[in-house]
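Letter by letter, the chains look like this.
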Amino acid sequence: MKKISSISELRTIINKWRKNQQSIAFVPTMGNLHDGHISLVEHALSVADRVIVSIFVNPLQFGIGEDYQTYPRTLEADCETLEQIGTHLVFTPSVTDIYPTDTETTTSVIVPGLSKILCGASRPIFFKGITTVVNILFNLVQPDKALFGEKDYQQLLIIKRMVADLFMPIEIIGVPIMREADGLAMSSRNHYLNAEQRTIAPQLFQTIDNIKKQIEQGGRQFVQLENQAISDLTTTGFNPDYIAIRQAQTLDIPTSADKKLVILAAAWLGKARLIDNIMVG
Ligand code: PAF
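From a predicted model like this one, the values you see are computed outputs, not experimental measurements.

Visitor: Can you help me understand the overall build of the chain in this one?
Guide: A tally of helices and strands in the chain yields eleven helices and nine strands. In terms of C-alpha radius of gyration, the chain reaches 19 Å, essentially the compact-globule figure of 19 Å for 281 residues. Its C-alpha atoms give the chain principal-axis dimensions of about 55 × 40 × 40 Å. Taking all 281 residues of the chain together, 54% fall into the buried category. A separation threshold of at least 6 residues defines the contact pool for the chain, and within that pool the share at least 24 residues apart is 72%. Element-wise, carbon and sulfur atoms account for 51% of the exposed surface of the chain, whose accessible area totals about 13500 Å². If you average the places of the 26 positive and of the 29 negative side-chain charges in the chain, the two averages end up 5 Å apart.

Put into structure tokens, the structure is as follows:
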């Protein structure tokens, strides 16, 4: 496995692969890899000749007071894991490689509507930071396919929208959520949970799974289902940000006739802001 941080070196290698007509799949990450990331890379290895993983903790997607400084950085262990599973190249640029001028005035890419709702309502710069860095990384890597976890469902839809709106010739592939045995969605931020919070955490998934079951049994009082879930989670010790039943493709508020839905959740548990989602229909 090649491990590089230089953009010119990255370009040389990619040009060589392209000359050999090798297809490229790309998995952008912020490191601190868990089985969710591994499944993205394994999926990538099955759909292209060469797989590039980037590890870059992107300052642009962290708001004031968020965990940019303390975000877990485990580069050595991440590279070992990536090498073991057969990754061809890991790209580890620095902040000045990605933002050579500065992070304040750099050109940004925004998907306006979708970026303002749900997680975007409480984290106003979050998705702008993500679409900006993913756009830069796509320009550098020029992949045929890029893979993102369905756990970050809103992020996945926003990236798909960016790629469609900007006519980027990249296939975006969503990969199913990996869960711990008790149902908790895998996330680098699960490390922030203490032992007691860790036992409570799976209730986020249980709560949205319970809403799913009620909808499948004919429940159509969406606002009532959301409010009940918020109340249940609050009683359990969560500080819910939102529980939202939405149309799966647009994240619009559904009518009772809509069949393809997604139930999304974000809730604080101690220092961890957990997110999860489940599809219905
Ligand atoms: O999902 C993530 O880990 C990040 O948001 C991403 C896509 C790597 C952009 O920094």
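Additional details are given in the paragraphs that follow.
Visitor: How should I be thinking about the nonpolar core in this particular structure?
Guide: In this structure, L10, I52, F91, F138 and I172 are the most contacted members of the largest nonpolar core, which totals 50 residues. Among the elements of the structure, helix 1 (7–19), strand 2 (24–29), strand 4 (89–91), helix 7 (126–141), strand 5 (145–149), helix 8 (153–165), strand 7 (239–247) and strand 8 (261–269) are those that each provide at least two residues to this core. With ten residues, the single largest contributor to this core is helix 7. The residues touching F91, leaving out its near neighbours within four places in the chain, are I4, S5, S6, I7, L10, I52, V53, S54, I55, L137 and L140. Among the nonpolar cores identified, the runner-up in size contains 31 residues, and L184, Y192, L261 and I263 belong to it.

Visitor: I'm lost on the packing of aromatic side chains in this one. Help?
Guide: Centre distance and the angle of the planes are the two values used to describe a pair of aromatic rings. Within the structure shown, the criterion is met by six aromatic pairs. Ring geometry for F56 against Y99: centres 6.2 Å apart, planes inclined by 50°, an arrangement best described as tilted. Here the residue F56 occupies a position in the loop between strand 3 (50–55) and helix 3 (75–84), and Y99 occupies one in the loop between helix 4 (95–98) and helix 5 (112–116), the gap between them amounting to 43 residues. Each member of the pair, F56 as well as Y99, is classed as buried. In this structure, R50 is placed above the aromatic ring of W17, and the distance from its NZ or CZ to the ring centre is 5.7 Å. Over the face of the ring belonging to Y68 we find R73, whose NZ or CZ atom lies 5.0 Å from the ring centre.

Visitor: Where do I start with the pattern of salt bridges in this structure?
Guide: A pair can form between side chains of opposite charge whenever their charged atoms are brought close. Going through the model one piece at a time under the given rule, you end up with eleven salt bridges. Between R123 and E66 there is a salt bridge, with its nearest N and O atoms 2.8 Å apart. Remark: E66 occurs in the loop between strand 3 and helix 3 and R123 occurs in the loop between helix 6 (119–122) and helix 7; sequence separation between them is 57 residues. Since its relative accessible area comes to 9%, R123 is described here as buried. Accessibility expressed as a relative area gives 31% for E66, which makes it partly exposed.

Visitor: Explain helix 8 here, please?
Guide: Across its 13 residues, helix 8 extends 18 Å between first and last C-alpha, which sits within 8% of the 18 Å expected from 1.5 Å per residue. For helix 8, the complete set of buried residues consists of Y153, Q154, Q155, L156, L157, I158, I159, M162 and V163. Once helix 8 finishes, F167 follows within two positions and takes phi at roughly 50°, a positive value.

Visitor: Teacher, can you tell me more about the sheet that holds strand 7 here?
Guide: Note: strands within a sheet are paired through backbone hydrogen bonds, in either parallel or antiparallel orientation. Across the sheet, which stays open at both edges, the three strands sit in the order 7-8-9 with antiparallel pairing between neighbours. Two strands in the sheet have a free side with no partner beyond their single neighbour: strand 7 and strand 9 (272–280). With strand direction ignored, the average angle separating the axes of adjacent strands in the sheet is 10°. Pairing between strand 7 and strand 8: eight bridges, direction antiparallel. Bridge assignment links R246 to a residue of strand 8, and that residue is V262. Relative to strand 7, helix 11 (residues 222–236) is tilted by about 155°, and along the sheet it contacts strand 7 and strand 8.

Visitor: I would appreciate a short explanation of the site of the ligand in the present structure.
Guide: Looking at the ligand, the residues that line it are P28, T29, M30, N58, Q61, I130, V133, F148, D152 and Q155. Q61 places a polar side-chain atom, nitrogen or oxygen, 2.7 Å from an oxygen atom of the ligand. The contact in question runs from an oxygen atom of the ligand to an N or O atom on the side chain of Q155, over 2.8 Å. Computed on the free molecule, the ligand has an accessible area of 290 Å², of which 88% lies beneath the protein chains in the complex. Put simply, the parts of the chain that give the shell around the ligand at least two residues each are strand 2 and helix 7. Taken together, the residues of the shell around the ligand sort by class into five nonpolar, four polar and one charged.

Visitor: Would you mind showing me how to read the side chain of N190 here?
Guide: Along the chain, N190 turns up in the loop between strand 6 (171–175) and helix 9 (195–200). Residues contacting N190, with those up to four places away along its chain left out, are L184, A185 and L274.

The rules behind the values
Residues numbered from 1 in each chain as written. Predicted model: local features only at pLDDT ≥ 70, side-chain atom pairs only at ≥ 80, totals over all residues. Heavy atoms only, no water. Helix = DSSP H or I, 4+ residues; strand = E, 2+ residues; numbered from the N terminus. Rg over C-alpha atoms; globule rule 2.2 N^0.38 Å. Buried < 20%, exposed > 50% of the residue type's maximum accessible area, 1.4 Å probe, protein only. Contact = heavy atoms within 4.5 Å. Areas by Shrake-Rupley, 256 points an atom, 1.4 Å probe, with all protein chains shown as cover. Lys, Arg positive; Asp, Glu negative; His and termini not counted. Charge placed at Lys NZ, Arg CZ, Asp CG, Glu CD. Core = buried A, V, L, I, M, F, W, Y, C linked by side-chain atoms within 4.5 Å. Phe/Tyr/Trp six-rings, centres within 6.5 Å; stacked < 30°, edge-to-face > 60°. Lys NZ or Arg CZ within 6 Å of the ring centre and 35° of its normal. Salt bridge = Lys/Arg side-chain N within 4 Å of Asp/Glu carboxyl O. Expected span 1.5 Å × (residues − 1). Pairing = 2+ DSSP bridges. Axes fitted to C-alpha atoms, helices over the stretch in contact; angles between N-to-C directions. Near = heavy atom within 4 Å. Polar contact = N/O pair within 3.5 Å; in protein donor to acceptor, adjacent residues only side chain to side chain. Nonpolar A, V, L, I, M, F, W, Y, C, P; charged D, E, K, R; others polar.

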